[in-house]
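# Structural features, examined
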Amino acid sequence: MQLRLGDERYLTNDGQLKTPLALVFVLALFLRGYLAWIISLTFSEDRGRLLSFFYANTEQFVLTLSVGVPALMVLVMLTQMKAELPRWVPKFARIAPVLLWLSWLADGVLIGSLVAANWPHFAFVKALIIFAWLTALWLLLYSRHLRRFFQLLASERDSGNG
């Protein structure tokens with residue numbers, strides 16, 4: 001890994017890469033269907049009650065889960081960040097931003113279809129999701145931390161760790 005001046009902010013005290021908060025936010029946005037599903041599993045009586053609060057029908061829930069598949073793959077990659085990286089992690093880090101863009105595009109189509117289906121009605125939750133989606137656009141376009149994190153992770157292979 002070739003460190004430059006200022007890269008110390010991307011490392012922990014042990015010298016390991018730390019996950020940027022922007023990436024955690026983007027992953028939480030794209031994996032919101034999985035998060036709602038996991039939270040709904042904690043209800044002992046009616047597990048579908050929470051899901052029906054967020055999703056009008058099963059198709060919306062399944063579409064939200066499918067939007068999160070590329071982001072879920074990035075999350076799996078992040079779980080493998082340890083002292084000795086598996087060989088596939090630096091290679092996968094090169095395509096991880098593309099996967100996040102795919103999730104962003106698919107999520108935009110899903111949000112657009114939900115807004116179009118309920119057009120005249122204002123829903124605060126949907127407005128919040130649109131705002132988060134636009135924030136994710138800004139982070140994916142302009143976040144130096146995200147860009148440098150993926151560059152450093154992809155360059156781990158060159159340093160002999162994989």
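Description of the structure in this document.

Cut-off values and rules
Residues numbered from 1 in each chain as written. Predicted model: local features only at pLDDT ≥ 70, side-chain atom pairs only at ≥ 80, totals over all residues. Heavy atoms only, no water. Core = buried A, V, L, I, M, F, W, Y, C linked by side-chain atoms within 4.5 Å. Buried < 20%, exposed > 50% of the residue type's maximum accessible area, 1.4 Å probe, protein only. Helix = DSSP H or I, 4+ residues; strand = E, 2+ residues; numbered from the N terminus. Salt bridge = Lys/Arg side-chain N within 4 Å of Asp/Glu carboxyl O. Axes fitted to C-alpha atoms, helices over the stretch in contact; angles between N-to-C directions. Parallel < 35°, antiparallel > 145°, perpendicular 65-115°, else oblique. Contact = heavy atoms within 4.5 Å. Nonpolar A, V, L, I, M, F, W, Y, C, P; charged D, E, K, R; others polar.

All right, on to the nonpolar core then. Core analysis: the biggest nonpolar cluster contains 40 residues, and Met77 and Leu100 have the highest contact counts within it. Only helix H1 (21-30), helix H2 (32-40), helix H4 (58-67), helix H5 (69-79), helix H6 (88-117), helix H7 (124-142) and helix H8 (144-154) provide two or more residues apiece to this core. Top contributing element to this core by residue count: H6, with eight residues.

This part is about the pattern of salt bridges. Applying the stated criterion across every chain, the model contains one salt bridge. For Asp107, the salt bridge is made with Arg32, and the minimal N-O distance between the two is 2.7 Å. Here Asp107 is found in helix H6, whereas its partner Arg32 is found in helix H2, with 75 residues between them in sequence. Summarising the burial analysis for this pair, Asp107 and Arg32 share the class buried.

Helix packing geometry: the angle between the two helix axes and the distance between the axes. One way to put it is that H2 packs onto H4 with a least axis distance of 7 Å and a crossing angle of 120 degrees. Comparing their axes, H4 and H2 come out oblique. Contact residues: H2 offers Arg32, Gly33, Tyr34 and Trp37, while H4 offers Phe61, Thr64 and Leu65. Per-class residue counts for the contact of H2 with H4 are four nonpolar, two polar and one charged.

Right, let's talk about the environment of Leu110 for a bit. The topology assignment puts Leu110 in helix H6. Through-space distance from the C-alpha of Leu110 to that of Leu17 is 33 Å; in sequence the pair is 93 residues apart. Here Leu110 is in contact with Arg32, Leu63, Thr64 and Val67, once residues within four sequence places are set aside.

Note that all results are geometric; they support no functional claim without further evidence.
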